[in-house]
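Here's the letter readout for the chains.
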Amino acid sequence: MTTAPLQLTTDEARRIALRAQGLLGAPDRRAGVRGVLRRLGAVQLDTISVLARSHELVPYARLGAVGREAVESAYWSGDTAFEYWSHAACVLPMEEWPLFAFRRRALRARGHRWHRLDDRERSVAAVRERLTAEGPLTASALGGAKRGGPWWDWSQTKIAVEWMLDTGEVVCTRRQGWKRVYDLAERAVPAELRHDDLDDAACLRRLVGQAGAALGVATEADLADHHRLRAAEVAAAVADSGLVRVAVDGWPERGARNRAWADPAALAAGARGRHRTTLLSPFDSLVWDRARTERLFGMEHRLEAYVPAPDRRYGYFAMPVLAGGRLVARVDPARDGEVLVARHVTLEGGGERERIAAQVADALREAAGWVGCVELRVERVTPEEARPALVAAVAGVG
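Computed from a prediction, not measured in an experiment: that's the story for all the values here. (Residues numbered from 1 in each chain as written. Predicted model: local features only at pLDDT ≥ 70, side-chain atom pairs only at ≥ 80, totals over all residues. Heavy atoms only, no water.)

1. Description of helix H8 (residues 156–167)
Heads up, the condition is: Each helix corresponds to a stretch of at least 4 residues labelled H or I by DSSP, and each strand to a stretch of at least 2 residues labelled E; elements are numbered beginning at the N terminus. Helix span, as expected, comes to 1.5 Å for every residue beyond the first.
Between its first and last C-alpha atoms H8 spans 16 Å; for twelve residues at 1.5 Å apiece the expected length is 16 Å, and the two agree. Directly after H8, the chain includes Gly 168, whose backbone phi takes a positive value near 95°.

Okay, here's the thing in structure tokens:
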């Protein structure tokens, strides 16, 4: 007899997701940044830096004003994390190294990623020899990352070391001036984790389970997006991943990709606690999946950094504002010396502007203190009639 899936309301699903993401309930300051990384399973890296880089903004959103040096140290000190291809280029907990064996094998079988080597054996051997003799090095230190053309016009050395990264012979141990620092996997990965022993089915089963734990409740499409798995891979693995079938009010179930699953530990723990009020990076795993963000929060959010300035609705790096378990606004921030500038604040919804303005002001003040700004300046506000309430809230009036 088939058991009917547990029915969840949209509000229950949203709260479960927030708690799974570490944004509902008391922050685990004892576990700190490394605890955030283990909980999320992947923290996306990106070159854009406004208030801070995205991988710094993610633990900040959950822990508050954690020191930025402490963030970098937590990611890159010792053998606790590595960088690899997950949702995108991500910082990953070192214990996930064996789970990406399926991806390393697939790349080895394919024989290349984006670029091809003229003489793979010679180029790889040269990189291996330098790393063996000299320890961790950037591509520039190895002999140059580019051949002199556009950014994608890689040198043979860069292609070789990235191929070795893709296939697991080398590891990115840290970033230095935003350049990857490469080391041999035999030095950087603990011996008990340095293997490709798991078959593809085991890798996928465990990655789907990890994605489900990080998301709390998710469709199969959500689970696939978390580590950029194929839909068929998730469909084959999810029943044995430890997740349980649920149904969520308002989530259509047309086709396998829309079937919903939940982490049983998240269901058992409940979804109570204090909500965080914070700015979120557009690359935060709570909102990086745009379809899921709209389903959970009713917000259509798109990064507009690559949209021509005249065509932007919300701003270059508009950051959703999380408050009371909802996305209540967007802020496009900038820094002018010691002034945090809210270049464009867009309030969501039509009512309770004073309450939302106060929540946005709280998020801005905390962010300003974190990045060392001593003043706040509000420029454009949408709707314009909300500007007085926001300016007053930022100034602490009323």
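2. Some thoughts on the packing of aromatic side chains
What counts, and what does not: Put simply, two rings from Phe, Tyr or Trp (the six-membered ring, in Trp's case) pair if the centres are within 6.5 Å, and we call them stacked under 30 degrees between planes, edge-to-face over 60, tilted for the rest. Classification of residues uses two cut-offs on accessible area relative to the type maximum, computed with a 1.4 Å probe and protein chains only: under 20% is buried, over 50% is exposed, and between them is partly exposed. Two thresholds decide whether a charge sits over a ring: the Lys NZ or Arg CZ must be within 6 Å of the ring centre and within 35 degrees of the ring normal.
Per the stated rule, a full pass over the model turns up six aromatic pairs. A centroid spacing of 5.3 Å and a plane angle of 70° characterise the contact between Phe 82 and Trp 97, whose relative ring orientation is edge-to-face. Taken together, the residues Phe 82 in strand S3 (residues 81–85) and Trp 97 in the loop between strand S4 (89–93) and helix H5 (101–110) connect sequence positions 15 residues apart. Assessed through its relative accessible area of 0%, Phe 82 is described here as buried. Residue classification places Trp 97 among the buried positions, given a relative accessible area of 4%. With 5.8 Å between their ring centres and 75° between their planes, Tyr 84 and Phe 100 make a pair best called edge-to-face. With a gap of 16 residues between them, Tyr 84 in strand S3 and Phe 100 in the loop between S4 and H5 connect regions that are remote in the sequence. Side by side, Tyr 84 and Phe 100 carry an identical accessibility label, which is buried. The rings of Tyr 84, Phe 100 and Phe 102 are connected pair by pair, giving a single aromatic cluster. Above the plane of the ring of Trp 97 lies Arg 104, whose end atom (NZ or CZ) is 4.1 Å from the centre.

3. Remarks on the environment of Ala 393
Inclusion rule: We call two residues contacting when some pair of their heavy atoms lies within 4.5 Å.
Along the chain, Ala 393 falls in helix H16 (residues 387–395). Each C-alpha atom, one on Ala 393 and one on Gln 359, is 8.6 Å from the other, the two residues being 34 residues apart in sequence. Among residues more than four places away in sequence, those in contact with Ala 393 are Ala 357, Ala 358, Ala 361 and Arg 365.

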